[in-house]
Amino acid sequence: MPWYNKIMIGLIFDVIEKTPFSHWVIMAVSFAILIFYIFLFAEDTKKRSGKFFLIFSFIVFVWGVTFIFFDASLETPNIHTMVLFAYFWAGFVAPALFIAIDSFSNENAPIPLRKFIYIFGPYVLLSIAFLIPRQIVGYQEGAHGGAGEIVFGPYALLYVLYIVVLVSLVLGILIKRYRQSAGIFKLQMRDLLATFVVTATVALVATLFLPFFTGLQNFFWFGYAGGALVFLVVCAGIIIRYNFWSFKIITSKFFITIIFFALLVEIFFATSTFDLLVKLGIVILVMFASFFLVGSLKREVLSNEIIGTSLGNIDDLRGQLKVLDKKKSEFLSIASHHLRDPLTVIKGYASMLSDGDFGELPPMVKESVDKIFDSSGRLISMISDFMDISRIESGDMNYIFSDVDIKKLMLEVAGEMRQSAERAHLSFSVTIDEGDFITVGDEGKLRQVISNLIDNSIKYTPKGEISLLLYRDKDDNKILISLSDTGIGMNEFTKQKIFKKFSRAEGVSKTYTEGTGLGLYVALEIIKKHDGKIWAESRGEGQGSSFYVELTAKKA
Ligand code: ADP
């Protein structure tokens, strides 16, 4: 075993044997505080408050070490200097905390030099009193070699006052910021405020008030460790809770630190120079590996966060679009209503005029009135299509289902449309199969579909015929409406798209100008709601088209 090994092991056992429980606690807590703030600082080195909290944690750490040295110096002449140093150092805890909290609560503003002078200035003056023992504090050795005690001098009250004022100022900042803040920052401030009140009370009572006012000095370690521990645990909690750190990263860093320290201890137990080198090599390797591991973890967490926020944004946008779409549909529906009502009145009067209800019209005038009648009719059906679209899209298309006799319905619609077909010089035939044609559906809407199909056939058939057929497939329990014409027909491409919104065949406006490309889309939506099918067939352009509607017959 090399010489340094024996010394190390001897030393370690010596320390373990002689160290009381309270010192272990102080050491553990002060290390934990320092490591915690080193982590916090490393997380974002640019953050101003991170630096000040690191300084604060270093001061707390050294303060913890002074307790241990204080105990070690008992019964030696060094105890006098130790007491002075311990109290002198402890005096920095409150101002350091003030600066850290101040910069934390207002991260963007740099702390002016003035503030440092106001905060530390009084302490520098007070420090002069530390140069002379027993002005602030001192050590009184026990009589006849008995236990001694810490004694306070005439300026001790100023020292206590300085600390109490600073702690109150910190409390003031926290309360002020808590009141001013909102949202997540308010919650963060509330938690910090509560933690501060608890820790400050524990620490002040045990390390300052009890010794100063009552002479009780046995609770130092409890005040230090207890206060620091609460602060540490709650701060870590706040950080995790408000997602400042990812839990994944913290745990990895924590375990890496433990592994690192374990390996470091291993170095002291090296049995040969070679062993020492190997162990050193392992420590370095682990350091590098952890560096990359934490780096990649951070990237992963960051990209998850980015994905999370992007998904959130997409969700928001989708919500906004839905609202806009609904508004658009509402607008369309209202606007359409206001257009359709006066148009219906125009159409009605045109019809009455044309029919001679107000007296016979000269042929020229009658022709014009008929044009008014036709155009207003077309506008009304166009507006009806728009209204249907807006209802379909807003989900407000209401269906009233009841038994519908398709045969009766078809004959009625065919009767109404016959005139239009004849006016277009088209022959119009209706063939109806044997049997029942009852289905469950919305009569008004089915009427709309059939009349739309017949209307299309008239529009897109320059000459020839239109045949309407009604079949009943008893085996399959289906009703099939077929409408064939000898019109412009359509190619494959057109056939695919005509049931889509605003879709018309290319060049179709030469045959019929005013189409909107909405009728078949509305028809498809209506038939879908009836669990039926609607489709078109054609042998090609100029070869006529057939449209089919299939509905389920009501079981007898
Ligand atoms: P619109 O007739 O107002 O254009 P539709 O949705 O009713 O709207 O029809 C869409 C398209 O389908 C028409 O523009 C036309 O190109 C085609 N189409 C519809 N019916 C026929 C038909 N009977 N013959 C040929 N093409 C048709």
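Residues numbered from 1 in each chain as written. Predicted model: local features only at pLDDT ≥ 70, side-chain atom pairs only at ≥ 80, totals over all residues. Heavy atoms only, no water.

1. Some thoughts on the packing of helix 11 (residues 273-354) against helix 12 (residues 363-394)
As a packed pair, helix 11 and helix 12 sit with axes 8 Å apart at the nearest point and diverge in direction by 155°. Relative to helix 12, helix 11 is oriented roughly antiparallel. Pair helix 11 / helix 12 crosses with left-handed handedness. Tallied by class, residues from the contact of helix 11 with helix 12 come to 14 nonpolar, 12 polar and 8 charged. (Axes fitted to C-alpha atoms, helices over the stretch in contact; angles between N-to-C directions. Helix = DSSP H or I, 4+ residues; strand = E, 2+ residues; numbered from the N terminus. Parallel < 35°, antiparallel > 145°, perpendicular 65-115°, else oblique. Left-handed = near helix turned anticlockwise from the far one by under 90°. Nonpolar A, V, L, I, M, F, W, Y, C, P; charged D, E, K, R; others polar.)

2. With respect to the sheet that holds strand 8 (residues 533-538)
Taking strand neighbours across the sheet as the criterion, the 5 strands line up as 4-6-7-9-8 in an open arrangement whose pairing is mixed. Looking at which strands have only one partner, the edges of the open sheet turn out to be strand 4 (426-432) and strand 8. Here the strands of the sheet are splayed against their neighbours by 15° on average, with no regard to which way each runs. Here 6 bridges tie strand 8 to strand 9 (residues 545-552), and the two strands are oriented antiparallel to one another. Bridge assignment links K533 to a residue of strand 9, and that residue is E550. (Pairing = 2+ DSSP bridges.)

3. Comments concerning the site of the ligand
Y460, R504, A505, T516 and L520 are the nearest of the 22 residues found near the ligand. A distance of 2.9 Å is found between an oxygen atom of the ligand and a backbone nitrogen or oxygen belonging to A505. Within the backbone of G519, an N or O atom sits 3.2 Å from an oxygen atom of the ligand. Coverage of the ligand by the protein chains reaches 98% of its 530 Å² of free accessible surface. Elements supplying a minimum of two residues to the shell around the ligand: helix 14 (443-459), helix 16 (519-529) and strand 9. (Near = heavy atom within 4 Å. Polar contact = N/O pair within 3.5 Å; in protein donor to acceptor, adjacent residues only side chain to side chain. Areas by Shrake-Rupley, 256 points an atom, 1.4 Å probe, with all protein chains shown as cover.)

4. Looking at the environment of V164
Note on placement: V164 falls in helix 7 (residues 156-180). For the pair formed by V164 and L353, sequence separation is 189 residues and the distance between their alpha carbons is 100 Å.

5. Things to note about a nonpolar patch on the surface
Residues Y155, L158, L161, V165 and L169 make up a contiguous nonpolar surface patch of about 450 Å² in total accessible area. Residue L158 is classed as partly exposed on the basis of its relative accessible area, which comes to 44%. (Patch = residues over 30% accessible without salt bridge, like charges linked within 9 Å, V, L, I, M, F, W, Y side chains within 5 Å. Salt bridge = Lys/Arg side-chain N within 4 Å of Asp/Glu carboxyl O. Buried < 20%, exposed > 50% of the residue type's maximum accessible area, 1.4 Å probe, protein only.)

6. As for the pattern of salt bridges
Counted by the stated rule, this structure contains 18 salt bridges. One salt bridge connects R447 with E443, and the closest N-O pair in it is separated by 3.7 Å. Pair noted here: R447 and E443 are both in helix 14, with a separation of 4 residues, about one helical turn. The exposure class assigned to R447 is partly exposed, which follows from its relative accessible area of 24%. With a shortest N-O distance of 3.6 Å, K528 and E525 are connected by a salt bridge. Highlighted residues: K528 and E525, both in helix 16, separated by 3 residues, approximately one helical turn.

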